[in-house]
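# Structural overview for review
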Amino acid sequence: MKLWPFSVSLLLSAIIFLAGCSTPEGDWKSAKEANTVPAYVNFVAKHPHGPHVDEANAAIESLDWTTAKDANTASAYAEFIGKHPKGQFTEAGRTKLLDLRWAEAKQQNTKDGYAAFLEAHPFSPYTSEANGRILALGVTKAGSVNFIEGMGILTCSSNLSARIGPSGELGNERDEAK
C-alpha cells in the first residue's frame, strides 16, 4: 500500500493550514513590530476580548497623539479629541487646540475673529483679552460701539477708549480730545 505519499500530503496541508491561523500572541507580536495604527486596529478587531487589547488601544492613542503634535494644527487636535475624548492626552490636546484657535483669532485681529473665538470658547483663559480686543477694535472717536448680543461684553462710553500696547497688553485711557 502506498499510503505514505497521501499521509505526507495530508500532514503538509495541516501544517500549512495551522500556520495560517492567527493567535492573539502572534497577532500582538506582529502589531507591535509594525507599530502602526492600522496594525493595532486590526489586532483589536480580530481579538476584541483578547489579551493586549488595552495595550493596543493605548498604542493607537499614542500614535494618534504623535500625529496631531507633528501636524500642530487646530484640525489635527480636533480630530484627535474626537477619536479619544477621554484619553490620556485629551486635556493636552484641548489646550493645544485652544492656544492655536486663540493665535488664529489674534492673527485675524478682527471683531468677528475674536467673537468667533469667544463663541467657541466662552470660558477660556483668553476670554477677558478677547473681550478687550473687541472693545479696542470697536472704539471710535464718535463714541459707543455695538457689541455682540448675549456675549456679556461691556459697552464703552464716549470718553473711554481701549488700547493694545506694543507687547499685547490691554489698557484703558481717557480720551481727552472731544
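Residues numbered from 1 in each chain as written. Predicted model: local features only at pLDDT ≥ 70, side-chain atom pairs only at ≥ 80, totals over all residues. Heavy atoms only, no water.

## Overview of the environment of His47
To keep it simple, the criterion reads: Each helix is a run of H or I in the DSSP string that is no shorter than four residues. Each strand is a run of E no shorter than two, and both are numbered from the N terminus. Contacts: residue pairs with any heavy atoms within 4.5 Å of one another.
Looking at the secondary structure, you find His47 in the loop between α3 (37–46) and α4 (53–71). C-alpha of His47 to C-alpha of Thr23: the two residues are 24 residues apart in sequence and 8.9 Å apart in space. Beyond its immediate sequence surroundings of up to four residues, His47 is in contact with Ser22, Thr23, Pro24, Asp27 and Val53.

## Quick notes on the confidence of the model for the protein chain
Operational definition: Values of pLDDT, ranging from 0 to 100, describe the predictor's confidence in every residue of the model.
Taken over all residues, the pLDDT of the protein chain has a mean of 79, while the share at 70 or more is 66%. Strand β1 (residues 160–164) is the least confidently modelled element of the protein chain, averaging 45 in pLDDT, while α4 averages 98, the highest of any element. Long-range and interchain partners of residues 172–178, a stretch whose pLDDT sits below 50, account for eleven contacts in this model, where long-range means more than four residues apart.

## Observations concerning the pattern of salt bridges
Formally: Every case where a carboxyl oxygen of Asp or Glu lies within 4 Å of a side-chain nitrogen of Lys or Arg is listed as a salt bridge. Here the term buried applies to any residue with accessible area under 20% of the maximum for its type, exposed to any over 50%, and partly exposed to those in between, with areas from a 1.4 Å probe on protein chains only.
Counted under the stated rule, the structure contains four salt bridges. Between Asp27 and Lys46 there is a salt bridge, with the nearest N and O atoms lying 3.8 Å from each other. On the criterion of sequence distance, the pair formed by Asp27 in helix α2 (residues 24–34) and Lys46 in helix α3 is long-range, its members being 19 residues apart. Under the relative-accessibility criterion, Asp27 is labelled buried at 13%. In this structure, Glu79 and Lys83 form a salt bridge, with 3.4 Å as the shortest nitrogen-oxygen distance. Note that Glu79 and Lys83 are positioned in helix α5 (residues 74–83) at a spacing of four residues, about one turn of the helix. With a relative accessible area of 48%, Glu79 lands in the partly exposed category. Residue Lys83 is classed as partly exposed on the basis of its relative accessible area of 47%.

## Side note on unusual backbone geometry
One non-glycine residue, His52, lies in positive phi territory at about 75°. Along the chain, His52 turns up in the loop between α3 and α4. Here the phi dihedral of Asn72 falls at roughly 50°; this positive angle occurs in a residue that is not glycine. The class of Asn72 is partly exposed, set by a relative accessible area of 35%.

## Topic: the packing of aromatic side chains
In plain terms, the rule: Stacked, tilted and edge-to-face are the three classes applied to pairs of Phe, Tyr and Trp rings, where Trp contributes its six-membered ring and a pair requires centres within 6.5 Å; stacked means planes under 30 degrees apart, edge-to-face means over 60, and tilted covers the rest.
For the coordinates displayed, the defined rule picks out nine aromatic pairs. One aromatic cluster is present, formed by Trp65, Tyr77, Phe80 and Phe89 through successive ring pairs.

## Regarding the packing of α3 against α4
Using the following cut-off: For every element, the axis is a line fit to its C-alpha atoms; helices are fit only across the contacting stretch, and the angle between N-to-C directions ranges from 0 to 180 degrees. If an angle is under 35 degrees, it is roughly parallel; if it is over 145, roughly antiparallel; if it lies from 65 to 115, roughly perpendicular; otherwise it is oblique. Left-handed is the label given to a crossing in which the near helix is rotated counterclockwise from the far helix by less than a right angle, and right-handed is the label when the rotation is clockwise. Each residue gets one of three labels, nonpolar for Ala, Val, Leu, Ile, Met, Phe, Trp, Tyr, Cys and Pro, charged for Asp, Glu, Lys and Arg, and polar for the others, Gly among them.
Across the interface, α3 lies against α4 with an axial gap of 9 Å and an inter-helix angle of 155°. In terms of orientation, α3 and α4 fall into the roughly antiparallel class. Crossing of α3 against α4: the hand is left-handed. Each of Val37, Tyr40, Val41, Phe43 and Val44 in α3 lies in contact with α4, whose residues at this interface are Val53, Ala56, Asn57, Ala59, Ile60, Leu63 and Asp64. Its residues assigned to classes, the contact of α3 with α4 comprises ten nonpolar, one polar and one charged.

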